[in-house]
Amino acid sequence: MAFVECAGNSAPMFSKEPLQVTAGAIHGLVSNSEWAGVKLSTLLEEAGIDPGAKWLIAEGADAQFLDRSIPVKKAYDDAMVAIYQNGERLMPGNGYPMRLLVPGYQGNMNVKFLRRIKAIDQPAYTFFETKNYSQISAGRQDVAISTS
């Protein structure tokens, strides 16, 4: 069993104008399901992960090619490649044929339509990690991240 929450859940609360939508549209981007698949640690052991790797890049085959850095330590904890949700094959909207499940991490870390996992020695600082799913802390506008 694992709870997944979209990083954008409750984000409409920060709109300049109040939205005239249901509570579910504002706070309903959550789910709790029974997941089944293969433990990520099993796949990494079978593949022979580099002992120096500290991070993984998980890449999806969706239109955006969403990719996220995942700590190897988390991969060996409770992460899995899920192919079943609540006893049935994943539905297309939930990442069919397989998705990464990273319990306790925000929803976008649970990469849908999983197509590749690569072991690396540091976080990748992908587009999704540095632009779309990050917030600048107050007083830290002087920090810049180079993409070159």
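Please read all numbers here as calculations on a predicted model, not as lab measurements.

A.B. asks: What is the right way to look at the pattern of salt bridges in this model?
C.D. replies: Pairing is possible between side chains that carry opposite charge, provided their charged atoms lie close to one another. Within the structure shown, the criterion is met by four salt bridges. As a salt-bridge pair, Arg115 and Glu59 come within 2.4 Å of each other at their nearest N and O atoms. Taken together, the residues Arg115 in strand 9 (residues 114–120) and Glu59 in strand 4 (residues 55–60) connect sequence positions 56 residues apart. On the basis of relative accessible area, Glu59 is assigned to the buried category, the value being 16%.

A.B. asks: So what exactly am I meant to see when it comes to the side chain of Ser69 here?
C.D. replies: Tracing the chain through its elements places Ser69 in strand 5 (residues 67–71). Judged by its relative accessible area of 4%, Ser69 falls in the buried class. A distance of 2.8 Å separates a polar side-chain atom of Ser69 from the backbone nitrogen of Ala124. What Ser69 contacts, discounting residues up to four positions off in sequence, is Trp55, Leu56, Met109, Pro123, Ala124, Tyr125 and Glu129.

A.B. asks: Looking at this structure, I do not really get the side chain of Asn108. What am I missing?
C.D. replies: Note on placement: Asn108 falls in the loop between strand 8 (99–101) and strand 9. Side chain to side chain, Asn108 and Gln106 meet in a polar contact 2.3 Å long.

A.B. asks: How should I be thinking about the sheet that holds strand 4 in this particular structure?
C.D. replies: Hydrogen bonding along the main chain pairs the strands of a sheet, whether they run parallel or antiparallel. Strand order in the open sheet formed by three strands is 5-4-9, and the pairing between neighbours is antiparallel. This sheet does not close on itself; its edge strands, each paired only once, are strand 5 and strand 9. In this sheet, adjacent strand axes meet at a mean angle of 25 degrees when their direction is disregarded. Inspection of the sheet shows strand 4 paired to strand 9 by six bridges, in the antiparallel sense.

A.B. asks: Just checking my understanding: could you explain the nonpolar core for this structure?
C.D. replies: What tends to happen in soluble globular proteins is that the nonpolar side chains get buried as a cluster. Counting 17 residues, the largest nonpolar core has Leu40, Leu56, Ala58, Ile70, Leu100, Val111 and Leu114 as its most contacted members. Those residues in contact with Ala58, other than ones at most four positions away along the chain, are Leu66, Asp67, Arg68, Ile70, Leu100, Val111, Leu114, Arg116 and Ile117. By size, the runner-up hydrophobic cluster in this structure holds seven residues, among which are Ala2, Trp35, Leu90 and Leu101.

A.B. asks: Teacher, can you tell me more about helix 2 (residues 40–47) here?
C.D. replies: Given 3.6 residues per turn, any residue in an α-helix points the same way as the ones three and four places further on. Looking only at helix 2, the buried set comprises Leu40, Ser41 and Leu44. Taken end-on, helix 2 shows its buried residues confined to a sector of 100 degrees, consistent with a single buried face. Residues of helix 2 that are exposed and point over 90 degrees away from its buried face: Glu45 and Glu46. Against the buried residues of helix 2 lie strand 3 (35–39), strand 4, helix 3 (72–75), strand 6 (80–85), strand 8 and strand 9. Just downstream of helix 2, Gly48 is the residue with a positive phi angle, here 80 degrees.

A.B. asks: Looking at this structure, how should I read the pairing of strand 5?
C.D. replies: Both faces of the sheet carry side chains from a regular strand, because those side chains alternate between them. Counting buried positions along strand 5 gives five out of five residues, so the element sits mostly inside the fold. Residue alternation in strand 5 divides its side chains into two sets, Asp67, Ser69 and Pro71 and Arg68 and Ile70, and both sets are buried. Two strands pair when backbone bridges link them, and strand 4 and strand 5 are joined in this way by five bridges, in the antiparallel orientation. If you follow Leu56 over to strand 5, its bridge partner there is Ile70.

Analysis parameters
- Residues numbered from 1 in each chain as written.
- Predicted model: local features only at pLDDT ≥ 70, side-chain atom pairs only at ≥ 80, totals over all residues.
- Heavy atoms only, no water.
- Salt bridge = Lys/Arg side-chain N within 4 Å of Asp/Glu carboxyl O.
- Helix = DSSP H or I, 4+ residues; strand = E, 2+ residues; numbered from the N terminus.
- Buried < 20%, exposed > 50% of the residue type's maximum accessible area, 1.4 Å probe, protein only.
- Polar contact = N/O pair within 3.5 Å; in protein donor to acceptor, adjacent residues only side chain to side chain.
- Contact = heavy atoms within 4.5 Å.
- Pairing = 2+ DSSP bridges.
- Axes fitted to C-alpha atoms, helices over the stretch in contact; angles between N-to-C directions.
- Core = buried A, V, L, I, M, F, W, Y, C linked by side-chain atoms within 4.5 Å.
- Arc of directions from axis to C-beta.

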